[in-house]
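# Geometric and topological summary
Here is what each chain is made of, one letter per residue.
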Amino acid sequence: TVSMDLSKAETSTLVFFVNGRKVVDTNPDPGMTLLTYLRQKLRLCGTKLGCGEGGCGACTVMVSKFNRTEEKVDHLSVNACLAPVVSMHGVAVTTVEGIGNAKGRLHAVQERLANSHGSQCGFCTPGIVMSMYTLLRNNPLPSMKDMETYFQGNLCRCTGYRPILEGFRTFTEEWSKYGKTTSMQGCGREGGCCKEKGGQASCGGGPGDDAEQELFSVSEFKPYCPSQEPLFPPELKLNPDLDQQYLVFRGRNTVWYRPATLEQFLALKESHPYAKIVVGNTELGVEVKIKKCEYPVFINPSLVQELSAVKVTSEGVTFGAAVTLSVIEETCLTLIKTMPRSKVQIFSEIVDMLQWFAGKQIRNVAAVGGNIMTGSPISDLNPIFMAANSTLRICSTRGNTDYPFNDKFYTGYRKNIVGLDEILESITIPFTRENQFFYAYKQARRRDDDIAIVNSAFNVTLNGDQAIEDIRMAFGGMGPTTLMATKTMESLKGKAWTNQLVETACQSLQTELNLMPNAPGAMVRYRVSLVLSFFFKTFLKINKELGNIAQHEASAVEAFEKEPLNSHQLFEVKNEKTISALGKPVKHKSADHQVAGTAQYTDDIPHVDGELYAALVLSTKAHAKILNINTEKALAMKGVHFWVDSKDLEDKNGFATTIVKDEVVFAEDHVYCIGMVIGVILADDQELAQKAARMVQVDYEELPAIITIEEAIAANSYHFMPNPEISIGDVESVFKTSTNIIEGEMRTGAQEQFYLETNACIAIPKIENDEMEVWSSTQNPTLTQNVVASVLGVPANRVNIHVKRMGGGFGGKESRSVPIAAAIAAAADKCGRPVRIMLDRDEDMLITGFRHPFLGRYKVAYDDEGRILALEADLYANSGWSLDLTFSVVERAMFHSDNSYKVPNLRVRGHCCKTHLPSNTAFRGFGGPQGLMIAENWVEKIAEKLGVAPEVIRERNLYTEGQKTHFNQELTNCTLQRCWDECKSLARFEEAKAKIAQFNAANRWKKRGISLVPVKFGIAFTAKHLNQGGALVNVYQDGSVLLTHGGTEMGQGLHTKMIQVASQALGIDHSKIHISETATDKVPNTSPTAASAGSDLNGMAVMEACLKVKERLKPIIDENPTGNWEDWVRTAYFSRISLSSTGFHATPDIGYDFKTNSGNPFNYFTYGAACSEVEVDCLTGDHQVLSTNIVMDLGESINPAIDIGQVEGAFVQGYGLFMLEQIMHTPKGALITRGPGAYKIPSFNDIPGEFNVSLLRGAPNPRAVYSSKAVGEPPLFLASSVFFAVKNAVSSARRDAGVEPSFHMDAPATAERIRMACEDRFTGLVPQLPPADSFTPWGIQV
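Notes on the structure follow. (Residues numbered from 1 in each chain as written. Predicted model: local features only at pLDDT ≥ 70, side-chain atom pairs only at ≥ 80, totals over all residues. Heavy atoms only, no water.)

## Comments concerning the overall build of the chain
Note the cut-off: Per the convention used, a helix needs a DSSP run of H or I reaching at least four residues, while a strand needs a run of E reaching at least two, with both numbered from the N terminus. Computation of the radius of gyration draws on C-alpha atoms, with the globule rule given as 2.2 Å multiplied by the number of residues to the power 0.38. For the exposure calls, accessible area comes from a 1.4 Å probe over protein chains only, and a residue counts as buried if that area is under 20% of its type's maximum, exposed if over 50%, partly exposed in between.
Counting its secondary structure elements, the chain contains 41 helices and 50 strands. In terms of C-alpha radius of gyration, the chain reaches 31 Å, essentially the compact-globule figure of 34 Å for 1342 residues. Projecting the C-alpha coordinates of the chain onto the three principal axes gives extents of approximately 90 × 75 × 70 Å. For the chain, the residues scored as buried account for 65% of the 1342 residues in total.

Below is the structure:
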């Protein structure tokens, strides 16, 4: 046993640098993250909290440390939300504020992102800036591939990623080599840019540059000069002491040790056998933050030489357990470059796997030992290590032991053979040899930064007779640990490497790696099929190496390789040299502050003296009676001050978000969903408040719960639906006489809004007159005001709601932000002190609801030409426990149940299913996408029945000018056919179809598909009274203008557009106009910023207010026509002319009566069309979008850059809805997908390889401000073109397999659904699940 006096050596002072300034903390809390320290201690709020688990990248900072071995500075992008602040000892941290600022000089990275329109809501922006900045510090001239690698850990919910990539493309070597004039030159495609090859005017055969206009001017970008970057702190470079210190940091709950030697480490582990070993904190950080685990002792071995060393020998490579994944990747790349391929096959597969292992920020800090010891059953590396026959060295104070890393290492779920006083020192990975083949695979929901569904590795050695000498197969995702298929391995040894082997191996694997129907992770049949597919891919790969692969099967072995983005944006340019900004691509007014990290969001507002933090106590039952609430333990904790619940509000607890008063701020006698707010704990800080909230004991008596749509239908459980039906024509008569009738149903899934800024609120009570100031991240200030006033029992004029900006909203903050604000205001009112809350990501996802899942059942009659004669449809939405906005969402789905097609006889009914789930709510499209998707499903079915292409049926039924919809609104200025034709031309549709047919004929296991889809989307609130907007314009003596309107800014550029409208109306430069915030004491009775109507309603009000001022100034201007704006304003002031004016707009000629099916529910329609081409891996269900072409009619765009950004962002969100994002619940109603680890929104890698957007020209809209059109919601549905293109590809695969080509598929079309639709001999080997009523599934869709 080693004995040593550790106390003599310890140091407990934290020393590090932040943005060049030295930070010395003599008493740091080891439980505090770097993010919390930056935001709360240093007030550097540019670094954002987006998820708390390293999954979104909003918290990215650069950590720089001096590498004394190589005498250089290493720069790492790191997730500040996971990094303990004490792990920063001896390093330099750079945040977004440290590289440039909006008041002085922006850094080139910040400037280019702002000017290329790559920041919308801005919440993700600082993290993206810092990822790019770190890349440039490491490589001043990176490749496009480097750039995309650095962005693997960053998410954006607004932009659709294209403008970010386009702006940063200008830093790359491809740009410097190929392009210096437009944003499209130097695309970086493999084999060289096509401009270089043939002198073409544009990439990819897309529109030429003469047809394209610039959204931003590259010539205006400041050059990037690496030599001007800040120096690494000399103190850290010259003084090695901080690198070598033995550290001990003691906090209120945790002790952190950083030993300097192996001897110290082993002694600590012996003294603290249950201590957690931490390097990157990427796993433990999530356990502490998300799973609320508490660990008293952490040991960080990053200084221990034996654990941080890399040793290359003749037999293989030994990596110390504390070596990071990025260092492993660099080492493997060096080996690949310097050694024969036959020797480094394992290391080549490790490099490939690490591309899909988390994000760059995680790989920079996560250690290989943590990956092994954590023992996740879906670890990406452990199957490789096991199949490679690696060796683990375990050591303790008793000595060292080497163990083979095989299926005996793990003894159960996240358990292994390592003793409590032992540590993993290293792993040794052997080299491969001739006739040895090594391959690894991973299938996830999303390629970038996602956990595996199934992963595997295969190590095959063949003898001279091409028989199996040895085979090792390891699998993740097929049990509680990483498994080796030992029985199959043994049975295959000695067998010949022939086609017969595939059948034998797959039969054996299916038997050995079988899953129970209720296995954790669900997707049971899919996971088994992946095991078989991976083996078959290995078989084909080895055949290819042996020169023995059939040509039509060759594509199966090729991984999807995404080429650098190629895109075009086409729009009508306003070239007239006027001071007006109208119609020009003006950048977002907050862009400079957003890229600099100084744009203020709700939780960035400085803390107020006496402020308390609120933590919610939430129901853990879907439906139950509350028997008792015990807060004694929580309130006994030091620093915990108050408990607030329904008893404090008495009869003021109930409120209405819409037409029914069916909601409560706090649960009373019953809870109606998991996540229902029971009460609020108020404490000194967030950590304490949340800990106290977990101490509140709630006793329940559980009651029966209804979770799914089908359960609600069976139980006849519905909310009140005021307008349940729209009907036109005689549906019954048509069905009686028609010979062509189809019936069917389709489900569309729930979708999380995943705004990067979670719901946040600050309530500050005033001393007098019962006034309350509330800062809320809400799209609906007036509803927030009314509900808070109601809950407090005061008039609305005592409550003032402020909204500076939101970090995204997408409808999710239209109504569900309101009860949070009400609870916080009630808490502030009770304690008489300011109260703050910002929901954690998992809380926000749990309690705020989703896009409504829909079930659509339909019956359609059509003639022999495919013309639609009649439609009858029932649309069911899962509302959740309260009505919220569901009735209106369902109404919009009913209005859009025709999509773009004339249906002369139509009856659609809507149903709001009442379930025991959190109330579902608005999300971009507001029911429209669900109704539209169900319509396109029956269009496709008609095409299948008639044996014609779906686009033929679509075009035959398109609305034309003057026709009336099923709700009797006449279509005027209908540009559907124009959008359709232009899109078809832009996509070169017929040529693309022919190429796809050739590709599919030549390839068995990869298939391509194409689809062209139109959209007609109604613009207005369907509730007539909401179609109003207000504005206030104040002109000051110096000529500056302060503009306020009723809309809120959430990234959609509304404030920027309103400034452009005001600029046009007043005839002044837009730089003279400023918008500070939205507040209910400036513009009252505002409608929510929703329904795509923000610009229409507020724009007309702004224009009216400005024109009033301009009219007052007219006599002065007439008198002094050569004067300037400032002269006229000054004269008006001294002439006592009012320079303040309000504007108001109520949409005319609008209002619909459901009973008589008359009137106009919409002001006008936005039209568009999209064509997408995809490629599908039939063996895994993976896919990639090769190209998308979109044409949108947006009238005369107020701001083409903002509008195109909205089109792209909406499309990528729609791609998530229809292809990727899958909400899962337990059968008892508990949400499983509660963060970016489990719920996957599209990433940089998911956008189309070719992404073109064209705004229809010459289509002014007389119904909106300056002939513009609404843009926010309509383009989202166009992503269904990807869904139907995938179906098109799958049909080809089914034909090849001899299976009926038509099939049913619900949305989203996940990899699981795609693969299982590609029926073949492998899926045929997988047993069907037993009857649904014979087992309880692990997860369900509601």
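From this point, the narrative continues.
## Regarding helix 14 (residues 345–354)
Applied cut-off: The contact rule is simple, with two residues in contact once any of their heavy atoms fall within 4.5 Å.
Counting buried positions along helix 14 gives eight out of ten residues, so the element sits mostly inside the fold. Here helix 14 has its buried residues at Gln345, Ile346, Phe347, Glu349, Ile350, Val351, Met353 and Leu354. The secondary structure elements touched by the buried residues of helix 14 are strand 12 (316–320), helix 13 (325–338), helix 15 (360–363), helix 17 (382–387), strand 17 (423–430) and strand 18 (436–444).

## As for the nonpolar core
The nonpolar side chains of soluble globular proteins are, as a tendency, buried together. Stated precisely, the cut-off is as follows: The term nonpolar core refers to a set of buried residues drawn from Ala, Val, Leu, Ile, Met, Phe, Trp, Tyr and Cys, joined through side-chain atoms within 4.5 Å.
Membership of the largest hydrophobic core comes to 247 residues, with the highest contact counts inside it found for Phe168, Trp938 and Phe1283. Apart from residues lying up to four places away in sequence, Trp938 is in contact with Ile742, Tyr858, Val860, Ile868, Leu871, Ser897 and Val903. Within the second largest apolar cluster, 138 residues are counted, among which are Leu76, Phe347, Ile423 and Phe458.

## Things to note about empty space enclosed by the protein
Our working rule: In this analysis a 1.4 Å probe is tested at points of a 1 Å grid over the protein atoms alone, and where it fits but cannot get out there is a cavity; an open set with protein on both sides within 12 Å along at least five of seven lines is a pocket; lining residues have an atom within 4 Å of a point. Grid points are joined across faces, edges and corners, and a volume is the space filled by probe spheres set on the points. In this count, Pro and Cys sit with the nonpolar residues alongside Ala, Val, Leu, Ile, Met, Phe, Trp and Tyr, while Asp, Glu, Lys and Arg are called charged and the others, Gly among them, polar.
Counted according to the given criterion, the structure contains twelve cavities of 30 Å³ or more. There is about 200 Å³ of room inside the largest cavity. Gly675, Val677, Arg816, Pro819 and Ile847 are, among the 15 residues lining the largest cavity, the residues nearest its centre. When residues of the lining of the largest cavity are traced back to their parent elements, those giving at least two are strand 27 (663–664) and helix 28 (818–831). Looking at the lining of the largest cavity, its residues break down into ten nonpolar, three polar and two charged.

## Quick word on unusual backbone geometry
With the exception of glycine, the majority of residues adopt a negative phi angle, and the majority of peptide bonds are in the trans configuration. A cis amide bond links Ala1307 with the next residue in sequence, Pro1308, at an omega value of 5°. Along the chain, Pro1308 turns up in the loop between helix 39 (1280–1296) and helix 40 (1311–1317). The phi angle at Ser1092 is positive, at roughly 60°, despite the residue not being glycine. Counting through the fold element by element, Ser1092 comes out in the loop between strand 44 (1078–1079) and helix 36 (1094–1119). A residue is classified by how much of its surface remains accessible, and Ser1092, at 14% relative accessible area, is buried. You will see that Asn1157, though not glycine, has its phi angle at about 50°, which is positive. The residue Asn1157 is located in the loop between strand 46 (1151–1153) and strand 47 (1158–1160) in this model.

## A short note on a nonpolar patch on the surface
For clarity, the threshold we go by: Patch rule: a residue counts if its relative accessible area is over 30% and it has no salt bridge; like charges are joined within 9 Å, and nonpolar side chains (Val, Leu, Ile, Met, Phe, Trp, Tyr) within 5 Å. Surface accessibility follows the Shrake-Rupley procedure with a 1.4 Å probe radius. Residue values consider only the protein chains on display as shielding. In the sections that follow, a salt bridge refers to a side-chain nitrogen of Lys or Arg positioned within 4 Å of a carboxyl oxygen of Asp or Glu.
Judged by side-chain polarity, Val310, Val312 and Val327 come together as a nonpolar surface patch covering roughly 190 Å² of accessible area. Examined against the element boundaries, Val310 turns out to sit in strand 11 (residues 310–312). Overall, Val310 belongs to the partly exposed group, its relative accessible area being 32%.

## Some details on the environment of Asn566
Looking at the secondary structure, you find Asn566 in strand 22 (residues 566–570). When its relative accessible area of 0% is taken as the criterion, Asn566 is described as buried. As a C-alpha pair, Asn566 and Phe1251 span 685 residues in sequence and 6.4 Å in three-dimensional space.

## So, the side chain of Ser116
Heads up, the condition is: Counting of polar contacts relies on pairs of N or O atoms within 3.5 Å, with two restrictions inside protein: one atom must be capable of donating a hydrogen and the other of accepting it, and residues adjacent in sequence are counted only when both atoms are side-chain atoms.
Locating Ser116 in the fold gives a position in the loop between helix 2 (108–115) and helix 3 (125–138). Side-chain polar atoms of Ser116 contact the backbone oxygen of Arg112, separated by 2.6 Å. Other than its neighbours up to four places away in sequence, Ser116 contacts Pro163, Gly167 and Phe216.

## Considering the packing of helix 31 (residues 928–946) against helix 39
Here is the rule: Axes, fitted as lines to C-alpha atoms, cover a helix only where it is in contact. Angles between the N-to-C directions of the axes lie from 0 to 180 degrees. Working definition: roughly parallel below 35 degrees, roughly antiparallel above 145 degrees, roughly perpendicular at 65 to 115 degrees, and oblique for all remaining angles. We call a crossing left-handed when the near helix sits turned anticlockwise from the far one by less than a right angle, and right-handed when that turn is clockwise.
At their nearest, the axes of helix 31 and helix 39 sit 11 Å apart, and the two run at 30° to each other. Considering the angle they form, helix 31 stands roughly parallel to helix 39. Of the two elements, helix 31 crosses helix 39, and the hand of that crossing is right-handed. Taken together, the residues of helix 39 that come into contact with helix 31 (itself represented by Met933, Glu936, Asn937, Glu940 and Glu944) are Ser1280, Phe1283, Phe1284 and Lys1287. Looking at the contact of helix 31 with helix 39 residue by residue, the classes come out as three nonpolar, two polar and four charged.

## Quick look at the pairing of strand 2 (residues 14–18)
Short version of the rule: A pair of strands is treated as paired once DSSP finds two or more bridges between them.
Counting buried residues along strand 2, five of its five residues qualify, which places the element largely inside the surrounding structure. Bridge analysis of strand 2 against strand 3 (residues 21–25) gives five bridges, and the strand direction is antiparallel. In the strand pairing of strand 3, Leu14 is matched with Asp25. The antiparallel pairing of strand 2 with strand 3 creates a hairpin that spans two residues between the two strands, and Asn19 there sits at a positive phi of about 50°. Alignment of strand 2 against strand 6 (residues 92–94), held across two bridges, turns out to be parallel. Paired with Phe17 across the two strands is Ala92, which belongs to strand 6.

## Here's the deal with the packing of helix 19 (residues 499–512) against helix 20 (residues 524–545)
Closest axis-to-axis distance for the helix 19/helix 20 pair is 10 Å, and the angle between their directions is 155°. Judged by the inter-axis angle, helix 19 sits roughly antiparallel to helix 20. Along this stretch, helix 19 crosses helix 20, giving a crossing that reads as right-handed. The residues of helix 20 that touch helix 19, namely those facing Asn499, Leu501, Val502, Ala505, Cys506, Leu509 and Gln510, are Val528, Val531, Leu532, Phe535, Phe536, Phe539 and Asn543.

## As for the state of the cysteines
Linking two cysteines covalently via their sulfur atoms produces the bond known as a disulfide. Going by this rule: Throughout, disulfides are identified as pairs of cysteine sulfur atoms within 2.5 Å of each other.
Scanning all chains against the criterion turns up zero disulfides. The structure places no disulfide on Cys761, whose sulfur is separated from the nearest cysteine sulfur, that of Cys831, by 13 Å. Cys913 takes part in no disulfide bond, and the closest cysteine sulfur, belonging to Cys912, lies 7.8 Å away. Accessibility expressed as a relative area gives 0% for Cys913, which makes it buried.

## Topic: the sheet that holds strand 42 (residues 1041–1045)
Either a parallel or an antiparallel arrangement is found when strands of a sheet pair, and the pairing is made through backbone hydrogen bonds. Read from one edge to the other, the open sheet built from four strands follows the order 43-42-41-45, with strand pairing classed as mixed. The sheet terminates laterally at strand 43 (1073–1074) and strand 45 (1140–1146), the two strands that pair on one side only. Seen against the sheet, helix 36 touches strand 41 (1028–1035), strand 42 and strand 45 and runs at an angle of roughly 140° to strand 45.

## A few points about helix 1 (residues 34–41)
Residue pairs three or four apart in sequence face the same way in an α-helix, which turns once every 3.6 residues. Taken together, the buried positions of helix 1 are occupied by Leu34, Leu35, Tyr37, Leu38 and Arg39. Contacts from the buried residues of helix 1 go to strand 2, strand 3, strand 4 (60–67) and strand 6. Positive backbone phi, at 55°, marks Arg43, one or two positions downstream of helix 1.

## A look at the sheet that holds strand 31 (residues 725–728)
Reading across from one edge, 31-39-38-37-32 is the order of the five strands in this open sheet, with mixed pairing throughout. This sheet does not close on itself; its edge strands, each paired only once, are strand 31 and strand 32 (741–748). Adjacent strand axes in the sheet meet at a mean angle of 10°, parallel and antiparallel pairs treated alike.

## Side note on the packing of aromatic side chains
Here is the rule we go by: Within 6.5 Å between ring centres, the rings of Phe, Tyr and Trp (the latter by its six-membered ring) count as paired, and their orientation is classed by plane angle as stacked under 30 degrees, edge-to-face over 60, tilted in between.
Applying the stated criterion across every chain yields a total of 40 aromatic pairs. Considering the side-chain rings of Phe385 and Phe405, the 6.4 Å spacing of their centres and the 40° angle between planes classify their relative orientation as tilted. Residue Phe385 is found in helix 17, and its partner Phe405 is found in the loop between strand 14 (399–404) and strand 15 (410–412); the two are separated by 20 residues along the sequence. Note on accessibility: Phe385 and Phe405 belong to one class, buried.

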